There are 4 protein chains.
Amino acid sequence: MDQDRHERLVGFRRDLHRYPEPAWCEFYTTSRVVEEVERIGVDRLRLGPEILDGDARMALPDESVLAEWHERAREAGAREDVLDACAGGYTGALATIERGEGPTVALRVDIDALPITESEGVTHAPADAGFRSANEGYMHACGHDAHATIGIGVLEAVAESDFSGTFHVLFQPAEEVIGGAKAVVESGVLDDVDRLLAVHIGLDHPTGEIVAGVGGFLAVRQFEATFSGESAHAGGHPAQGRDAVQALATAVQNLHAIRRHGEGDTRINTGVVEGGTATNIVPESARIEGEVRGETTHLKEYMSERADTVVEHAAKMHDCESSVETTAEAPSAESDAELADVVYAAAGETTGVDSRLRSAELGGSEDATYLMDRVQRRGGLATFVGVGTDHPGGHHTPTFDVDERSLAIGIETLADAITRLD
Amino acid sequence: MDQDRHERLVGFRRDLHRYPEPAWCEFYTTSRVVEEVERIGVDRLRLGPEILDGDARMALPDESVLAEWHERAREAGAREDVLDACAGGYTGALATIERGEGPTVALRVDIDALPITESEGVTHAPADAGFRSANEGYMHACGHDAHATIGIGVLEAVAESDFSGTFHVLFQPAEEVIGGAKAVVESGVLDDVDRLLAVHIGLDHPTGEIVAGVGGFLAVRQFEATFSGESAHAGGHPAQGRDAVQALATAVQNLHAIRRHGEGDTRINTGVVEGGTATNIVPESARIEGEVRGETTHLKEYMSERADTVVEHAAKMHDCESSVETTAEAPSAESDAELADVVYAAAGETTGVDSRLRSAELGGSEDATYLMDRVQRRGGLATFVGVGTDHPGGHHTPTFDVDERSLAIGIETLADAITRLD
Amino acid sequence: MDQDRHERLVGFRRDLHRYPEPAWCEFYTTSRVVEEVERIGVDRLRLGPEILDGDARMALPDESVLAEWHERAREAGAREDVLDACAGGYTGALATIERGEGPTVALRVDIDALPITESEGVTHAPADAGFRSANEGYMHACGHDAHATIGIGVLEAVAESDFSGTFHVLFQPAEEVIGGAKAVVESGVLDDVDRLLAVHIGLDHPTGEIVAGVGGFLAVRQFEATFSGESAHAGGHPAQGRDAVQALATAVQNLHAIRRHGEGDTRINTGVVEGGTATNIVPESARIEGEVRGETTHLKEYMSERADTVVEHAAKMHDCESSVETTAEAPSAESDAELADVVYAAAGETTGVDSRLRSAELGGSEDATYLMDRVQRRGGLATFVGVGTDHPGGHHTPTFDVDERSLAIGIETLADAITRLD
Amino acid sequence: MDQDRHERLVGFRRDLHRYPEPAWCEFYTTSRVVEEVERIGVDRLRLGPEILDGDARMALPDESVLAEWHERAREAGAREDVLDACAGGYTGALATIERGEGPTVALRVDIDALPITESEGVTHAPADAGFRSANEGYMHACGHDAHATIGIGVLEAVAESDFSGTFHVLFQPAEEVIGGAKAVVESGVLDDVDRLLAVHIGLDHPTGEIVAGVGGFLAVRQFEATFSGESAHAGGHPAQGRDAVQALATAVQNLHAIRRHGEGDTRINTGVVEGGTATNIVPESARIEGEVRGETTHLKEYMSERADTVVEHAAKMHDCESSVETTAEAPSAESDAELADVVYAAAGETTGVDSRLRSAELGGSEDATYLMDRVQRRGGLATFVGVGTDHPGGHHTPTFDVDERSLAIGIETLADAITRLD
């Protein structure tokens with residue numbers, strides 16, 4: 001990749017890094033993506049309303065939150081036409097190149113950020129180089145800024161190539177809440193895809209390493225458990241209260257204590273808890289935002305059923321009512337070796353690649369599995385490509401960052417692989 | 001009390017009820033009190049900055065919260081001069097009548113509201129009669145609107161009487177967070193008081209019943225416990241996290257499990273909990289706003305020491321750090337029978353009183369104990385007077401309300417008692 | 001009391017102290033009591049089978065335990081005729097003096113010991129003086145050895161007095177498990193009692209102090225909660241197990257966390273727990289022996305209902321079954337002031353008494369309340385007399401001991417009081 | 001195998017099944033093994049004292065337990081000379097055939113039983129056919145009766161074959177407590193082994209299936225955690241107690257809640273808990289027998305360190321002291337493919353084998369890993385052979401049983417494999 005292009009892409013990535021937006025609020029991000037796509041020129045560009053089944057969007061925030069980020073994007077300089085189109089949480093874009101006969105290929109990149117406060121440490125490059133998050137409390141701590149940049153880079157490279165067929169780049173919203181892919185799938189816009197490539201940077205692989213087919217995605221269910229009791233004066237009538245926070249604490253302890261399973265890995269997290277209103281009032285309500293995962297869908301369901309049971313009886317034990325709602329879900333998935341082999345071959349030709357792996361285990365979850373599952377069920381092939389990058393802090397931590405050299409490596413490998421498909 | 005005055009006082013009470021304000025944010029309330037005091041006419045009227053030791057204010061909210069309520073009070077029609085005087089959480093007022101020789105007597109009423117959402121039920125009189133809280137999420141659920149009204153009523157009655165001496169009415173802020181009385185005490189403005197009467201409505205006593213000397217206040221300590229761990233991706237690297245929410249849950253369970261004490265009553269509440277940032281991130285921070293109480297200061301300290309130990313080791317068990325800060329505290333106290341006897345006698349002459357009790361146990365806490373303690377230590381006498389009122393819901397619940405007939409009963413009993421003092 | 005008699009009584013007490021026997025196993029103790037009663041000579045002496053309703057005996061141990069203690073008593077030198085009479089847990093005795101006209105008066109003393117290993121410390125008098133428990137693991141750690149001695153002493157003193165009427169001394173078994181008094185009541189043998197005195201030594205009152213009417217007995221319910229799950233290999237198939245120990249742990253934590261009550265004192269204890277069979281097997285069964293108490297019967301029932309709920313849902317949370325059985329129960333009770341006054345007066349005449357209290361709160365439980373309740377319901381009067389004694393360790397601890405000077409004080413006060421009744 | 005031999009071996013297995021003995025108490029079992037070995041005739045037979053490093057025996061029971069089982073074995077008909085030799089927990093035997101030049105080969109079988117009460121159900125073959133456990137509360141619920149039988153059968157077959165070299169059969173005690181293999185290793189008796197085969201029946205593989213090289217043994221640490229507090233009267237002075245059972249419950253809950261690890265499987269079990277002495281006494285001591293496991297030694301250590309931390313702070317939280325002692329430990333291990341291939345080939349020739357697997361994961365722990373580790377470190381090869389058997393109930397459950405047809409299959413496969421080694 002020539003120096004100019006590299007600098008332009010790095011600049012784009014840093015712009016996105018500076019304006020991280022949470023799931024379904026990627027208004028500024030979508031606007032910037034649109035600008036870049038229009039600069040490249042494509043045959044078709046569709047925004048959120050055209051590529052999302054609105055009712056299938058999971059984990060959508062409140063109207064007021066959406067409105068606040070909408071306004072914030074405007075202040076950051078987002079285009080009014082894009083803001084209008086995406087209003088109400090219809091973010092993301094699908095850019096399409098149509099080049100006559102050939103396979104329909106899709107590249108999926110995700111674009112949302114996380115509710116993490118970015119490090120201000122001098123050794124944290126974004127802080128040092130002046131592109132630390134301007135949206136305090138939010139951060140691109142999983143590299144989706146790099147993913148969007150790779151999407152733009154690959155789009156540009158394929159557009160310039162002799163690729164024949166149809167090529168989509170999906171800039172997908174709301175991956176972090178496992179909420180976006182299902183809405184894309186349900187809209188049907190990818191039903192014609194023969195070959196799907198999804199991409200993720202880092203994952204503990206170093207710069208220069210490519211994983212052609214990541215597998216071992218954990219099936220996941222995210223849920224919100226709510227507890228309802230009854231308030232009372234904590235000094236005068238403590239026993240008249242029914243304490244939702246005691247129910248919550250009992251549930252948290254016992255959720256983590258769900259027995260491990262002999263058939264494989266499981267996970268449990270109680271990521272957000274809150275309850276009560278005042279120090280001297282017996283808390284009448286409380287809630288947990290949590291998740292369970294399993295190496296297989298069966299194991300995820302084991303955890304899920306146990307979690308429901310724990311919540312129900314933690315509530316009843318304290319005379320409270322409870323409910324558990326699923327806010328997001330994704331199946332497990334495996335990459336197709338046949339498609340991964342193409343990526344593996346392309347990586348062998350890419351400057352900067354010094355290590356190739358045919359496969360590796362993720363040990364996490366991704367809603368790309370919805371897309372992979374749909375393509376595979378309809379007879380197509382899918383692979384999830386890992387692009388290594390040296391990252392100082394772990395994913396989802398305040399010092400996460402990417403080695404920008406890996407942008408070119410990822411773009412060239414993927415573009416080369418895509419032009420090899422037929 | 002004549003009908004006009006009664007209607008005026010009821011109107012005043014309902015106005016305050018409609019605009020409940022939490023501790024240290026009683027800007028509108030103070031403004032309305034000032035208007036009434038000025039209407040009555042007193043020798044001296046001092047606002048927050050003159051009667052509070054700023055550094056001794058406990059449980060002060062953030063600047064932004066103070067600013068928001070300040071603005072809200074303006075919109076509700078508070079006077080600009082009062083708003084200016086009270087800015088930054090210097091709420092409350094001290095009205096003083098000076099009438100030559102005689103004792104220095106003080107009546108203390110408190111004026112703040114609670115973070116409770118008021119009932120909209122048709123059987124809830126404020127909702128039915130149109131003076132339900134306009135500050136959604138906040139409510140006069142402990143009758144401090146009635147207390148402020150009694151303060152105004154007694155001030156007016158004493159002003160019209162042949163009382164000789166000095167008479168203060170203290171409209172005290174921030175009782176609900178046990179945060180205001182200490183700041184008044186530390187300012188020294190009540191150091192000359194010979195006789196202190198504090199008043200509370202309801203307390204499970206019916207309309208027509210007067211308790212001349214409430215005792216048995218529970219000593220209380222309110223605290224904030226914070227837990228700090230380390231975030232990690234809950235799917236990929238769960239064991240790299242140090243989970244502050246697991247520490248919180250362990251602490252909540254074990255705080256409630258602090259052993260009961262053979263020497264008397266204790267209390268524990270974990271009134272507010274929160275932790276974590278996202279469903280799929282191991283929570284790195286969490287906190288509890290809680291309180292412990294004891295029938296004696298010794299028992300409160302027993303609970304307090306145990307609570308500190310529980311928090312410390314709940315944190316360490318999960319490799320987290322923790323701290324516990326005291327946000328408010330009050331001692332236990334007893335009313336002086338000699339002063340209560342005067343109230344008891346006065347109640348015997350009051351229209352509408354059909355039951356008198358020399359004493360009763362509160363079973364709760366009150367920061368009036370700071371004031372009582374100061375007056376008693378300096379050789380004065382203090383009593384805490386209960387004015388019964390039929391209240392449909394319990395104190396600190398969404399359907400709490402007062403029987404407005406009790407306003408006149410309380411005012412007449414207290415005013416009569418005050419004029420009997422010498 | 002003359003020196004000889006005092007030495008004889010001290011010797012008797014030390015003999016009992018050396019052979020502590022748990023509830024329903026007081027075979028040796030009963031035998032020794034019989035010997036002393038026969039030495040004194042009474043009109044009627046009835047043993048367990050004649051004074052107990054067998055089916056009403058609560059917390060009866062297994063046959064094998066009864067048999068073991070039966071044998072142990074034989075080895076210690078118990079009389080064969082008494083052993084035969086008491087076989088199967090029919091322990092205790094009722095000695096009766098009939099002296100013509102006059103009231104029917106009963107003195108109740110209890111005789112059982114506790115499963116506590118007695119201190120071997122040199123400062124522990126029984127260890128130093130050679131009458132430390134010979135029944136390792138069991139101990140008279142609540143002074144029932146002294147109670148039995150007082151019973152003998154009073155019997156002898158009344159027999160020698162000019163008392164007129166009927167006088168019973170009840171040597172009651174199984175107080176520590178709150179299991180004996182009900183069986184005596186149900187047998188009807190005390191239905192004719194006009195005046196009942198029960199006695200307890202110590203209770204944190206020093207030697208020389210007499211409490212004429214102890215009150216404030218906590219109502220109590222003792223229970224056994226059992227949990228049934230399913231075993232599984234903990235390494236290979238952990239999720240196939242249903243873990244009764246996890247259910248137990250959840251229950252223990254939440255039992256202690258039952259909310260305190262605004263109306264008065266409550267208690268909870270999980271005194272014995274056990275579960276599981278091997279380190280590498282998921283435990284399939286577990287059980288708790290626990291108790292709840294309340295200042296009133298209502299409060300005891302509050303705790304009891306909450307405890308049942310906690311156990312039920314702790315089990316269900318872990319897919320286990322559970323049950324809760326009541327093993328013992330006693331109501332709360334108050335002493336009659338009229339009868340206590342007689343004791344108070346007698347204490348005033350007793351050598352060695354330097355402090356008299358008309359009443360005091362116990363803050364514990366006692367199955368004497370069953371007896372008091374029956375007598376009071378039939379129109380009689382009852383009082384529970386406290387005989388102070390300096391005790392180095394607390395009741396129910398390994399260093400508990402009594403000051404033997406208090407034996408004479410208790411005997412003289414009680415005997416004097418009894419002879420004053422008419 | 002001819003019918004007579006089969007019947008003899010089945011009879012032997014049923015005899016052992018009828019007299020299950022726990023770890024280090026296999027007195028009767030060793031006696032019966034000796035009788036069979038002597039019947040076959042070997043060059044050398046060594047009993048426990050000659051093959052065990054006494055100090056390296058882990059999880060040895062108390063003297064009194066050893067003595068009780070020693071006596072029980074005598075009553076069941078064990079030989080006096082064997083009883084004498086094995087006294088004090090020196091159980092097990094090593095039978096050796098020396099046949100000139102050739103490799104030194106060892107077959108290891110384990111012989112102990114579990115503390116599980118065997119099913120009395122009519123569908124449970126041992127109950128139906130009259131060889132249900134005579135040692136109530138103990139059971140061969142993991143097939144070690146079959147293992148010992150296979151050891152005898154293979155010894156006999158190899159003795160009759162043209163095998164050349166040295167052949168040991170190790171009848172190892174105390175596998176269930178992971179306590180025996182280390183003591184054998186430390187004695188050095190197997191230091192000359194070139195090829196080690198261990199065998200296990202069942203493991204969810206059906207009759208007719210052979211696994212040539214089982215792998216994936218979980219590393220394991222078994223521990224005993226003890227908690228020491230202070231007793232107190234639960235009614236009168238609950239706060240004077242320091243409650244070891246509350247500490248235990250907090251520990252159990254938080255042990256199970258140790259975070260799962262991203263690098264692989266872990267396990268936790270709290271297999272035995274007990275605490276306290278009486279319903280009305282605050283418990284002063286409690287203990288947990290538990291275990292942690294990990295897919296790798298590193299993961300086992302992660303669990304182990306977390307467990308220590310949990311126990312320490314669960315105790316401190318309740319003002320108790322604690323300690324954690326390791327009672328048994330075993331590393332993880334893998335079978336050597338080269339040796340497994342020989343078993344695989346032999347299985348192909350065995351009547352009744354209809355399915356062969358080169359490898360499979362155990363998902364449990366085994367102290368055979370100590371033996372495998374020693375042989376492999378000294379340059380030898382080791383494999384752990386699985387002999388499938390239809391088993392109605394799972395391992396370590398009351399209805400576990402083996403299909404006796406699998407005895408011949410296991411014997412013939414192993415004997416054939418051993419004679420193929422050179």
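Reading the values: rules and limits
- Residues numbered from 1 in each chain as written.
- Chains lettered and ligands numbered in written order.
- Predicted model: local features only at pLDDT ≥ 70, side-chain atom pairs only at ≥ 80, totals over all residues.
- Helix = DSSP H or I, 4+ residues; strand = E, 2+ residues; numbered from the N terminus.
- Buried ≥ 20, exposed ≤ 12 C-beta atoms within 10 Å, placed from the backbone.
- Contact = placed C-beta atoms within 7 Å.
- UniProt positions renumbered as here; feature names shortened; annotations may be inferred.
- Pairing = 2+ DSSP bridges.
- Axes fitted to C-alpha atoms, helices over the stretch in contact; angles between N-to-C directions.
- Domains from an automatic or database assignment.
- Nonpolar A, V, L, I, M, F, W, Y, C, P; charged D, E, K, R; others polar.
- Parallel < 35°, antiparallel > 145°, perpendicular 65-115°, else oblique.

A. Quick peek at the environment of C:Leu371. Residue and element names in this part refer to chain C. Residue placement: Leu371 occurs in helix H12 (residues 368-377). Of the residues examined, Leu371 has 27 C-beta atoms within 10 Å and is grouped as buried. Sequence-distant contacts of Leu371, that is, excluding residues within four places in its chain, are made with Arg108, Ala181, Val184, Val185, Leu190, Leu196 and Ala198.

B. Quick peek at the UniProt feature "domain: Peptidase M20 dimerisation" (unreviewed entry) in chain A. What UniProt calls "domain: Peptidase M20 dimerisation" (unreviewed entry) maps, in this numbering, to residues 223-315 of chain A. Spanning residues 223-315 of chain A, this segment combines 34% helix with 28% strand, and its end C-alpha atoms are found 16 Å apart.

C. Representation of the sheet that holds strand S3 (residues 104-110) of chain D. Residues and elements named next belong to chain D. Across the sheet, which stays open at both edges, the 8 strands sit in the order S1-S2-S4-S3-S5-S12-S6-S11 with mixed pairing between neighbours. Pairing within the sheet leaves two strands with one partner each, and these edge strands are strand S1 (44-47) and strand S11 (355-361). Averaged over all pairs of adjacent strands, the angle between their axes in this sheet comes to 20 degrees, without regard to strand direction. Bridge analysis of S3 against strand S5 (residues 195-201) gives 4 bridges, and the strand direction is parallel. Opposite Leu107, over in S5, you have Leu197 as the bridge partner. Relative to the sheet, helix H2 (residues 27-40) contacts S1, strand S2 (93-99) and strand S4 (165-172), its axis offset from that of S2 by approximately 20 degrees. Packed on one face of the sheet, helix H7 (residues 144-160) meets S2, S3, S4 and S5 and runs near 155 degrees to S3.

D. Spatial organisation of the domain arrangement of chain A. Residue and element names in this part refer to chain A. On domain assignment, one finds that chain A holds domain 1 (3-217 + 333-420) and domain 2 (219-330). At the junction of the two partners, domain 1 supplies 10 residues and domain 2 supplies 7 residues. Class assignment for the residues of the side of domain 1 that touches domain 2 results in 5 nonpolar, 3 polar and 2 charged.

E. Highlighting the UniProt feature "binding site: Mn(2+)" (unreviewed entry) in chain A. Residues and elements named next belong to chain A. The residues that UniProt annotates with the feature "binding site: Mn(2+)" (unreviewed entry) are Cys142, His144, Glu176, His200 and His396. For the annotated residues, spread through 255 residues, the largest C-alpha to C-alpha distance comes to 13.8 Å, consistent with a single compact locus. Using a count of 28 C-beta atoms within 10 Å as the deciding quantity, one classes His144 as buried. Locating His200 in the fold gives a position in strand S5 (residues 195-201). Excluding residues that lie within four positions of it along the chain, His200 makes contacts with Phe384 and Gly386.

F. Structural view of the interface of chain C and chain D. Between chain C and chain D, the contact holds 49 residues from the first and 49 residues from the second. Looking at the side of chain C that touches chain D, the elements with two or more residues in it are strand S7 (219-228), helix H9 (244-256), strand S8 (266-275) and strand S9 (285-294) of chain C. Considering each element in turn, the side of chain C that touches chain D owes the most residues, 8 residues, to S8(C). Across the side of chain C that touches chain D, the residue classes tally to 17 nonpolar, 27 polar and 5 charged. Of the pairings in the sheet, the one linking S8(C) to strand S8 (residues 266-275) of chain D comprises 3 bridges and is antiparallel in character. Pairing of C:Glu274 across the sheet is with D:Glu274, part of S8(D).

G. Broad picture of helix H12 (residues 368-377) of chain B. All names here are of chain B. When you tally the buried positions in H12, you get 7 out of 10 residues, the bulk of the element. Every buried residue of H12 is listed here: Ala368, Thr369, Tyr370, Leu371, Met372, Arg374 and Val375. Lining the buried residues of H12 we find strand S3 (104-110), helix H8 (181-187), strand S5 (195-201), strand S10 (321-330) and strand S12 (381-387).

H. Just the packing of helix H10 (residues 297-317) of chain B against helix H10 (residues 297-317) of chain D, in detail. Orientation of H10(B) relative to H10(D), taken along the N-to-C sense of each, is 180 degrees, at an axis distance of 9 Å. One element, H10(B), and the other, H10(D), form an angle in the roughly antiparallel class. Counted together, B:Thr309, B:Val310, B:His313, B:Ala314, B:Lys316 and B:Met317 of H10(B) and D:Thr309, D:Val310, D:His313, D:Ala314, D:Lys316 and D:Met317 of H10(D) form the full contact between these two elements. Here the contact of H10(B) with H10(D) is built from residues that sort into 6 nonpolar, 4 polar and 2 charged.

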